[in-house]
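# Working through the structure, step by step
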Amino acid sequence: MKSFEWQTFAQFEERGFDGYGRVWSAVDSTDDAVIIHELDSSQVSVDAVESMLSVHDPNVVGVLQVDAEQGMLVQEAVNGITLRRYLTSQKKLSQPVACAVMAQVASGWAAVQAAGLLAGDFRPENILINLSVVPNQLRLGVFGFPELARTTMPLGYSAPELIRGEAPTKASDAYAFGATWYELLTGET
């Protein structure tokens with residue numbers, strides 16, 4: 001596992017904060033666009049790091065590097081928008097479109113589960129629409145840090161056990177997946 005080094009990146013632009021911490025866009029040494037997340041290193045499981053790097057699915061944003069000690073996560077950049085941004089103009093989707101969207105998200109989720117990880121943060125803000133691919137491709141964003149997501153997940157997507165302060169499980173992911181699908185169909189959480 002390679003440790004994170006700032007000098008291997010260029011053209012930094014701070015993007016603000018997400019539910020996990022500070023976020024930057026940058027370019028790596030091969031001129032590929034990347035997104036860098038600064039995570040709470042006390043919440044990053046060293047055991048999960050290798051599993052995250054092994055997830056390769058067209059419906060998951062690729063993890064390029066994770067440094068659990070420093071709490072840094074580097075992912076490929078996606079040319080697109082979040083599903084949340086799309087929903088602000090559409091409110092809800094037709095049943096066939098919602099099913100097509102969630103089928104792609106489910107494919108990504110299955111790849112994450114096959115690696116022994118939880119998605120941890122199912123919601124439209126963490127589902128990206130890749131506009132560089134036709135037809136547009138949906139990709140699950142940051143995954144594998146359910147403990148971090150538990151503190152930032154809006155109530156509408158939080159399973160009852162999370163609200164009670166219990167540890168996230170596969171059932172918690174399933175609840176948030178269903179809540180997201182419900183919102184796509186009804187326009188409400």
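Residues numbered from 1 in each chain as written. Predicted model: local features only at pLDDT ≥ 70, side-chain atom pairs only at ≥ 80, totals over all residues. Heavy atoms only, no water.

### What about the side chain of Asp-67?
Going by this rule: Under the scheme used here, helices are H or I runs from DSSP no shorter than 4 residues and strands are E runs no shorter than 2 residues, and both carry numbers assigned from the N terminus. Buried means the residue's accessible area, taken with a 1.4 Å probe over protein chains only, is under 20% of the maximum for its type, while exposed means over 50%, and partly exposed covers the values in between. We call two N or O atoms a polar contact when they sit within 3.5 Å, provided that within protein one can donate a hydrogen and the other can accept it, with sequence-adjacent residues counted only if both atoms are side-chain atoms. In this analysis, two residues are considered to be in contact whenever any of their non-hydrogen atoms come within 4.5 Å of each other.
Mapped onto the elements of the fold, Asp-67 is located in strand β4 (residues 63-67). Judged by relative accessible area, which is 6%, Asp-67 ranks as buried. At a separation of 2.9 Å, a polar atom in the side chain of Asp-67 contacts the side chain of Gln-70. When near neighbours in sequence (up to four residues on either side) are disregarded, Asp-67 contacts Ser-3, Phe-4 and Met-72.

### Quick notes on the packing of aromatic side chains
Worth spelling out the cut-off: The aromatic pairing rule takes the rings of Phe, Tyr and Trp, using the six-membered ring of Trp, and pairs them if the centres are within 6.5 Å, calling planes under 30 degrees apart stacked, those over 60 edge-to-face and the rest tilted.
All chains considered together, the criterion is met by eight aromatic pairs. Between the aromatic rings of Phe-4 and Phe-9, the centroid separation amounts to 5.5 Å while the plane-to-plane angle is 20°, which identifies the pairing as stacked. Look at Phe-4 and you get buried, because its relative accessible area is 3%. An aromatic cluster is defined as three or more aromatic residues linked by ring pairs; in this entry it consists of Phe-4, Trp-6, Phe-9, Phe-12 and Trp-24.

### Details of the pairing of strand β7 (residues 127-130)
Worth spelling out the cut-off: Should DSSP find at least two bridges between two strands, the strands are regarded as paired.
In this sheet, β7 lies alongside strand β6 (residues 80-82) in antiparallel orientation, the contact comprising three bridges. Residue pairing across strands places Ile-81 opposite Ile-129, the latter belonging to β7. As consecutive antiparallel partners, β7 and strand β8 (residues 137-140) are separated by six residues.

### A closer look at the pattern of salt bridges
Where side chains of opposite charge bring their charged atoms close, a pairing between them can arise. Stated formally: Every case where a carboxyl oxygen of Asp or Glu lies within 4 Å of a side-chain nitrogen of Lys or Arg is listed as a salt bridge.
Under the definition given, this model contains six salt bridges. Between Arg-22 and Glu-14 there is a salt bridge, and its shortest N-O distance comes to 3.3 Å. Note on Glu-14: relative accessible area 42%, which makes it partly exposed. For Glu-125, the salt bridge identified is with Arg-84, shortest N-O distance 2.8 Å. Of this pair, Glu-125 sits in the loop between α3 (95-114) and β7 while Arg-84 sits in helix α2 (residues 83-90); the two residues are 41 residues apart in sequence, bridging distant segments of the chain. Overall, the relative accessible area of 34% leaves Glu-125 in the partly exposed class. Judged by its relative accessible area of 21%, Arg-84 is partly exposed. The network of salt bridges with common partners includes Arg-84, Glu-125 and Glu-183.

### A word on the sheet that holds β7
Using the following cut-off: Where helices are involved, their axes are fitted lines through C-alpha atoms of the stretch in contact, as for all axes, and angles between N-to-C directions lie from 0 to 180°.
The antiparallel open sheet is built from three strands, whose spatial order is β6-β7-β8. Each edge of the sheet is formed by a strand with only one pairing partner; in this case those strands are β6 and β8. Along the sheet, successive strands turn relative to each other by an average axial angle of 30°, direction set aside. Those strands touched by α2 are β6 and β7, and its axis lies near 75° from that of β6.

### Quick look at the nonpolar core
Put simply, the rule reads: Note on terminology: a nonpolar core comprises buried Ala, Val, Leu, Ile, Met, Phe, Trp, Tyr and Cys residues joined through side-chain atoms within 4.5 Å.
Formed by 36 residues in total, the largest nonpolar core has its most connected members in Met-52, Leu-73, Val-101, Val-105, Phe-122, Phe-143 and Leu-184. Elements with a minimum of two residues in this core: α1 (46-53), β4, α2, α3, β7, β8 and α6 (170-186). Among the elements that take part in this core, α3 stands out by supplying seven residues, more than any other. Ignoring any residue separated from it by four or fewer positions in sequence, one finds Leu-73 in contact with Ile-35, Ile-36, His-37, Leu-39, Met-52, Val-63, Gln-65, Val-66, Val-142 and Phe-145. Membership of the second largest hydrophobic core comes to eight residues, among which are Phe-4, Phe-9, Val-34 and Val-74.

### Points about the confidence of the model for the protein chain
So the rule is basically this: Each residue carries a pLDDT value, the predictor's own confidence for that position, ranging from 0 to 100.
Averaged over all residues, the pLDDT of the protein chain is 86; the fraction at 70 or higher stands at 93%. Looking over the protein chain, one finds the lowest element-wise mean pLDDT in helix α4 (residues 146-152), namely 69, and the highest in α6, namely 94.

### A look at α6
Going by this rule: Between the first and last residue of a helix there are one fewer steps than residues, each counted as 1.5 Å, and that sum is the expected span. Arc, as used here, means the arc of the directions from the helix axis to the C-beta atoms.
Over its 17 residues, α6 extends 24 Å from the first C-alpha to the last, a length consistent with the 24 Å expected when each residue adds 1.5 Å. Of the residues making up α6, those classed as buried are Ser-172, Asp-173, Ala-176, Phe-177, Ala-179, Thr-180, Glu-183 and Leu-184. Relative to the axis of α6, the buried residues are bounded by an arc of 160° and lie together on one face. Where α6 is buried, its residues meet α2, α3, β7 and α5 (160-163).

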